[in-house]
Amino acid sequence: MKAVYARIAETEDKIGSFITLTEEEALEKAREMDAAGINPSNILSGLPIGIKDNIVTKGTLTTAASKMLEDFIPVYDATVMEKVTDAGMISVGKLNMDEFAMGGSTETSAYKITRNPWNLAKVPGGSSGGSASAVAAGQVPMTLGTDTGGSIRQPAAFTGIVGMKPTYGRVSRFGLIAFASSLDQIGPLTRTVKDNALVLNTISGYDEKDSMSYNEATPDFTEGIEAGVKGMKIGVPKEYLQEGLEAGVREAVLKAIETFKELGAIVEEVSLPHSKYGVPAYYIIASSEASSNLQRFDGIRYGYRSPEAKTLEEVYVKSRSEGFGMEVKRRIMLGTFSLSSGFYDAHFKKAGQTRTLIRRDFEKVFEGYDLILGPTTTKTAFNIGGQVHDPVAMYLSDILTVPANLAGVPAISIPAGFSNGLPVGLQLIAKHFDEKTIYQAAYAFE
Ligand code: GLN
């Protein structure tokens, strides 16, 4: 634990992964565990973990990178926190992110920017940029992030690590500060595939406190992980290799396809014809749900209250105007508009129908294939400041990650080489609750 904090001290000025560090508590817990003897029944016992700052942690500041929650100290732990603590893992601190997980670069944080360890002029991706950079910079071996439309996989791709968005319902969302409830999932970011499977083992499972929690036993995701990909059928959607791909990203993906073939997999072209509508459907659904979820931040119940407010109306209006950043306000306006009577049928309802078509595309491919393979992102990490003022460009860059969230299927990003000196992410997608096949293939490729 001392070595972890020494590494953080050495790198944090440059990287900026953390909003809050809990060094004293972590060292104390490590000392207690040393005294008691590490519990050998859990392989992760005693290991350090970093937690994205939209996951509530009892007694530790939890801001979701928003000014709105600048002094919010939760009185309970998220279910995933209870689970990692029960496994004997030690939280080292809370990681930077885009405000309320809205963004793809970690630049919408109200507190700081986070840099990509491979090139400090580049973003680490987002919204789990702190979770990704902390692992990539060797500050901590594993972190938790959240993925609503790509926020685990895209930063994992940009920083050359392993990031898994589990099946919707696999991991409890209780204690996750909600962005878009029908899409949000918590998942692990790690350096290796096996580490990733071990953390997912730990955080998965039924939870009565999450109404969408999956009520079945969790398999051991490491069991059979070494079985290889011989005879496995992998589909590559032609839409995922179409226009807009950076040349080096395309090359890395084509090379990965060759590697899978050499390892004995059968790789063929497939089609996800509705995936091109993923971004508009996602931004309508996610913003609509966000506009509803964020109503609770009213200046009364949590965090920030405008000191200027004199009337009740002013408490709401001024607290929200001052407490939320630009991107969050944009989402609230977009969502409120999509849900308003007169526009609901044309926007929200249409987006829901589109979502069904996207889900059916996946179901159809999975009738004949074990996995879908493609790039995680069309391009490698972009420059800090390069896209944050162009929301449409930012939104369009989520084209390859949002379909898995809309369908609820599990998807991983694993490192697949470099393009212009920056990491390229390879995405593997499986049918609902089949994370095991993803890990098996990812492990063979790694
Ligand atoms: N970039 C997407 C957005 O801004 C995804 C965010 C996420 O997965 N939390 O909504």
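Residues numbered from 1 in each chain as written. Predicted model: local features only at pLDDT ≥ 70, side-chain atom pairs only at ≥ 80, totals over all residues. Heavy atoms only, no water.

### Re the pattern of salt bridges
Piece 1. Evaluation of the coordinates by the stated rule reveals 15 salt bridges.
Piece 2. Close ionic contact of Arg 170 with Glu 435 constitutes a salt bridge, the shortest N to O distance being 2.9 Å. With Arg 170 in the loop between strand 5 (162–165) and strand 6 (185–190) and Glu 435 in helix 14 (residues 435–445), this residue pair connects regions lying 265 residues apart in the sequence. The two residues Arg 170 and Glu 435 agree in class, both being buried.
Piece 3. With a shortest N-O distance of 3.2 Å, Glu 363 and Arg 359 are connected by a salt bridge. Placement of both Glu 363 and Arg 359 in helix 11 (residues 345–368) is noted, with a separation of four residues, approximately one turn of the helix.
Piece 4. On the basis of relative accessibility, which here comes to 37%, the residue Glu 363 falls in the partly exposed class. (Salt bridge = Lys/Arg side-chain N within 4 Å of Asp/Glu carboxyl O. Helix = DSSP H or I, 4+ residues; strand = E, 2+ residues; numbered from the N terminus. Buried < 20%, exposed > 50% of the residue type's maximum accessible area, 1.4 Å probe, protein only.)

### Some thoughts on the UniProt feature "active site" (unreviewed entry) in the protein chain
Piece 1. The sites that UniProt annotates as "active site" (unreviewed entry) are Lys 52, Ser 127 and Ser 151. A compact arrangement is adopted by the annotated residues: their sequence extent is 100 residues, whereas the largest C-alpha distance between any two is 11.1 Å.
Piece 2. With respect to the helices and strands, the residue Lys 52 is situated in strand 2 (residues 48–52).
Piece 3. We classify Lys 52 as buried; its relative accessible area is 0%.
Piece 4. When sequence neighbours within four positions are dropped, the list of residues in contact with Lys 52 reads Lys 94, Leu 95, Met 97, Ala 101, Ser 127, Ser 128, Ser 131, Leu 144, Gly 145, Thr 146 and Ser 151.
Piece 5. Structurally, Ser 151 is set in the loop between strand 4 (142–147) and helix 5 (153–159).
Piece 6. By relative accessible area, Ser 151 is classed as buried at 7%. (UniProt positions renumbered as here; feature names shortened; annotations may be inferred. Contact = heavy atoms within 4.5 Å.)

### Thoughts on the pairing of strand 2
Piece 1. The element strand 2 is extensively covered by neighbouring structure, given that five of its five residues are classed as buried.
Piece 2. Here strand 2 runs beside strand 3 (residues 90–95); their pairing, made up of five bridges, is parallel. Residue pairing across strands places Lys 52 opposite Leu 95, the latter belonging to strand 3.
Piece 3. When strand 2 meets strand 4, the two strands line up parallel, connected through two bridges. Bridge assignment links Gly 50 to a residue of strand 4, and that residue is Thr 143. (Pairing = 2+ DSSP bridges.)

### Observations concerning the side chain of Ser 151
Piece 1. There is a polar contact of 2.7 Å between the side chain of Ser 151 and the backbone nitrogen of Ser 127.
Piece 2. For Ser 151, the contacting residues outside a window of four places in its chain are Lys 52, Ala 101, Gly 103, Gly 126, Ser 127, Ser 128 and Thr 146. (Polar contact = N/O pair within 3.5 Å; in protein donor to acceptor, adjacent residues only side chain to side chain.)

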